[in-house]
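Summary of the model geometry
Residues per chain are reported as follows:
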Amino acid sequence: MAARIDLTLDCDDAPLLAAFWKTALGYVDEPPPAPFATRAEWIAHYDPEDDGAEGDGAWLCDPDGVGPRLSLLKVPEPKTAKNRLHLDIRVPVRGGPDGRWAAIRAEAERLVEAGGRVLTEFDGHHVVMADPEGNEFCVAAG
């Protein structure tokens, strides 16, 4: 059996990135693991010195249970270089090359409205973007 993976993004502002990635991926806030009622309670269980401050982390999941979980964890150091690993958001498309490119561009525009920015367009193929903290990802055909 293959191993399952979770993805973790270090960040400065977990609530900001959580809002962006929920929009980008259609994910939802993951409930805390049982038997904990809140994430703060869960964090305190592992580190009693940690006050479980809101905003130090966010945990997202695919509501259909298909995609990997996404953890966003606040860290003190800033992002300093290009990602060595990035996400590709695959857009469902119909039709020929023009329809494919139109779907990719429409998704990129939707993500710009959500706080992302376009870095580079590879006309007809994919768009390289950055989330609100500069983490790179691509939008391409599914």
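Please refer to the structure higher up on the page.
Presented here is an overview of the structure given in this document.

About the thresholds
Residues numbered from 1 in each chain as written. Predicted model: local features only at pLDDT ≥ 70, side-chain atom pairs only at ≥ 80, totals over all residues. Heavy atoms only, no water. Helix = DSSP H or I, 4+ residues; strand = E, 2+ residues; numbered from the N terminus. Contact = heavy atoms within 4.5 Å. Salt bridge = Lys/Arg side-chain N within 4 Å of Asp/Glu carboxyl O. Buried < 20%, exposed > 50% of the residue type's maximum accessible area, 1.4 Å probe, protein only. Pairing = 2+ DSSP bridges. Axes fitted to C-alpha atoms, helices over the stretch in contact; angles between N-to-C directions. Core = buried A, V, L, I, M, F, W, Y, C linked by side-chain atoms within 4.5 Å.

1. Some thoughts on the environment of Val28
When you line up the elements, Val28 lands in strand E2 (residues 28–29). Placed 59 residues apart in sequence, Val28 and Leu87 show a C-alpha to C-alpha distance of 17 Å. Apart from residues lying up to four places away in sequence, Val28 is in contact with Lys22, Trp59, Leu60, Cys61 and Pro63.

2. Regarding the pattern of salt bridges
If you walk through the whole model with that rule in mind, you get nine salt bridges. Among the ionic pairs, Asp6 bridges to Arg69, the shortest N-O distance being 2.4 Å. Here Asp6, found in strand E1 (residues 6–11), pairs with Arg69, found in strand E4 (residues 69–74); they are 63 residues apart in sequence, far enough to count as distant. Residue Asp6 is classed as partly exposed on the basis of its relative accessible area of 39%. Classification of Arg69 as partly exposed rests on a relative accessible area of 29%. Across the pair Glu109 and Arg105 runs a salt bridge, and its minimum N-O distance is 3.4 Å.

3. As for the sheet that holds strand E5 (residues 87–91)
Remark on secondary structure: sheet strands pair via backbone hydrogen bonds, oriented parallel or antiparallel. Strand order in the open sheet formed by four strands is E5-E8-E7-E6, with mixed pairing between adjacent strands. Each end of this open sheet is capped by a strand with a single partner; those strands are E5 and strand E6 (117–122). For this sheet the average axis-to-axis angle between neighbouring strands, irrespective of direction, equals 25 degrees. Sheet analysis places E5 next to strand E8 (residues 136–141), joined by five bridges and oriented parallel. Looking at E8, one finds that Ile89 is bridged to Val139. Contacts between helix H1 (residues 14–25) and the sheet are confined to E5 and E8, with E5 contributing the most and set at about 40 degrees to the helix.

4. Here we look at the sheet that holds E2
Strands sit in the order E1-E4-E3-E2 across an open sheet of four strands; the sheet is mixed. Lying at the two open borders of the sheet, with one neighbouring strand each, are E1 and E2. Note that strand E3 (residues 57–61) and E4 share four bridges and pair antiparallel. Following the sheet pairing, Trp59 is matched in E4 by Ser71.

5. Observations regarding the nonpolar core
If you look at the biggest cluster of nonpolar residues, it comprises 25 residues, and the most contacted ones within it are Trp21, Leu72, Leu111 and Phe137. Elements with a minimum of two residues in this core: E1, H1, E3, E4, E5, helix H3 (97–113), strand E7 (126–130) and E8. Sorting elements by how many residues they give to this core places H1 first, with six residues.

6. So, the pairing of E4
Within a regular strand, the side chains alternate between the two sheet faces. Bridging between E1 and E4 involves six bridges; their strand directions are parallel. Residue pairing in the sheet places Cys11 in a bridge with Lys74 of E4.

7. What to know about the environment of Phe20
For Phe20, the location among the structural elements is in helix H1. Judged by its relative accessible area of 1%, Phe20 is buried. The spacing of Phe20 and His125 is 105 residues in sequence and 23 Å in space, taken between C-alpha atoms. When neighbours within four sequence positions are excluded, Phe20 is seen to be in contact with Leu111, Ala114, Gly115, Gly116, Asp131, Pro132 and Phe137.

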